[in-house]
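These are the residues of each chain, in order.
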Amino acid sequence: MRNYRVPTLTIAGSDSSGGAGIQADLKTFSAIGTYGMSVITAVTAQNTEGVFAVEELSGEIIKSQIKAIFDDIEPAAVKIGMVSSPEIIVDIVNTMKKYNPSFLVVDPVMISKSGYSLLKSEAKENLIKYLIPMAYLVTPNVPEAEEITGIKINSVTDMKVAGKKIFELGPKFVLVKGGHLDGEAVDVLIGENIFEVFETKRINRKNTHGTGCTISSAITAYLALGYGIKEAVELSKKYITEAIEHSFDIGHGVGPVHHFYKFEGLTFSK
């Protein structure tokens, strides 16, 4: 159900290698069939081998980007990714309260796959206190859920316990992503009257750069297109699974997933 007239917005950091962050979000929005827009919060120097430097943008330019978008093109859904400082989080929270988007998906990006800290320690409190409670959906992976709750997660049962604790912070839904655990790829969706487990076969590929950004932006796009939360999660899990399955080697480290695998092999007439 593609509709490129449906606008979706990502508020996140830039990945110079194109596999995660803003770049992965925009690729995902396009692949699923929405019109992608972006607000950049930070510029990172990174590639498939890791993150080497991060420079935040000022709160004023971040707020100005958001205002420019909402004053002209109101997004049907908004995804928030890397917001590394307490001041940036407060600025974004205040602007989101002003514009009140229908769907706000928060991906609590804390640590890169290579172990680089993308969230300042003093910002965690603002993330938990202000940003998570206003979200329609929060999508932590296992390490992020552990960081938010203080609960050690070794099983799907632990994921449910941690997810319930995050849900009690105030978001409408929580999706705890279990990709860091052994066994099949299991995610747990928790809401007021929802306790759903999504399980797919684990794809044995090393190229998984940007998976967290990709699934959260996929859910954002499907919500914007009018799908309910369970169907949006199910379709997004299918999308990321197939994107991993079709991932490819590029660079010397952990390569990206294939955001446009569905279009591979298509030819277009001039």
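Located above this text is the structure these notes cover.
Below: a short report on this structure. Note that this is a predicted model, so its numbers are computed, not measured.

1. What to know about the overall build of the protein
Each helix and strand in the protein was counted, giving eight helices and nine strands. Here the C-alpha radius of gyration of the protein, 17 Å, is about what a compact globule of 270 residues would show, namely 18 Å. Based on the C-alpha atoms only, the size of the protein along its principal axes is roughly 45 × 45 × 40 Å. Of all 270 residues assigned to the protein, the portion counted as buried reaches 55%. Considering only intrachain contacts with a sequence separation of at least 6, the fraction spanning at least 24 residues in the protein is 68%. With the model as given, the accessible surface of the protein reaches about 12400 Å², and the carbon-plus-sulfur share is 51%. Here the protein carries 27 positive and 31 negative side-chain charges, and the mean point of each set is 3 Å from the other.

2. Focus: the packing of aromatic side chains
Centre distance and the angle of the planes are the two values used to describe a pair of aromatic rings. In this structure the tally under the stated criterion is six aromatic pairs. Taken together, a centroid distance of 5.4 Å and an interplanar angle of 90° make the contact between Tyr222 and Tyr227 edge-to-face. Since its relative accessible area comes to 19%, Tyr227 is described here as buried. Taking 5.8 Å as the distance between ring centres and 35° as the angle between the ring planes, the aromatic pair formed by Tyr239 and Tyr261 counts as tilted. With Tyr239 in helix 8 (residues 229-245) and Tyr261 in the segment after helix 8, this residue pair connects regions lying 22 residues apart in the sequence. In this structure, Tyr239 and Tyr261 share a single accessibility class: buried. Taken together, the ring pairs in this structure connect Phe103, Tyr136 and Phe173 into an aromatic cluster.

3. Looking at the side chain of Asp187
If you trace the backbone, Asp187 turns up in strand 8 (residues 185-191). Exposure remark for Asp187: the relative accessible area of 5% places this residue in the buried category. From its side chain, Asp187 meets the backbone nitrogen of Gly178 in a polar contact 3.1 Å long. Each residue touching Asp187, except ones within four places of it in the same chain, is listed here: Met159, Leu175, Val176, Lys177, Gly178, Glu196, Val197, Phe198, Ile215 and Lys237.

4. Regarding unusual backbone geometry
One non-glycine residue, Asn100, lies in the positive phi region at around 50°. Looking at the secondary structure, you find Asn100 in the loop between helix 3 (86-99) and strand 5 (104-106).

5. Notes on the pairing of strand 4 (residues 77-80)
Burial along strand 4 is two-sided: the residues Ala77 and Lys79 and Val78 and Ile80 are all buried. In this sheet, strand 4 lies alongside strand 1 (residues 7-15) in parallel orientation, the contact comprising four bridges. Note that in strand 4 the partner of Leu9 across the bridge is Val78. In this sheet, strand 5 lies alongside strand 4 in parallel orientation, the contact comprising three bridges. Looking at strand 5, one finds that Val78 is bridged to Leu104. A crossover links strand 4 with its parallel partner strand 5, the connecting element being helix 3, and its sense is right-handed.

Conventions used here
- Residues numbered from 1 in each chain as written.
- Predicted model: local features only at pLDDT ≥ 70, side-chain atom pairs only at ≥ 80, totals over all residues.
- Heavy atoms only, no water.
- Helix = DSSP H or I, 4+ residues; strand = E, 2+ residues; numbered from the N terminus.
- Rg over C-alpha atoms; globule rule 2.2 N^0.38 Å.
- Buried < 20%, exposed > 50% of the residue type's maximum accessible area, 1.4 Å probe, protein only.
- Contact = heavy atoms within 4.5 Å.
- Areas by Shrake-Rupley, 256 points an atom, 1.4 Å probe, with all protein chains shown as cover.
- Lys, Arg positive; Asp, Glu negative; His and termini not counted.
- Charge placed at Lys NZ, Arg CZ, Asp CG, Glu CD.
- Phe/Tyr/Trp six-rings, centres within 6.5 Å; stacked < 30°, edge-to-face > 60°.
- Polar contact = N/O pair within 3.5 Å; in protein donor to acceptor, adjacent residues only side chain to side chain.
- Pairing = 2+ DSSP bridges.
- Right-handed = clockwise from strand over helix to strand, strands pointing away.

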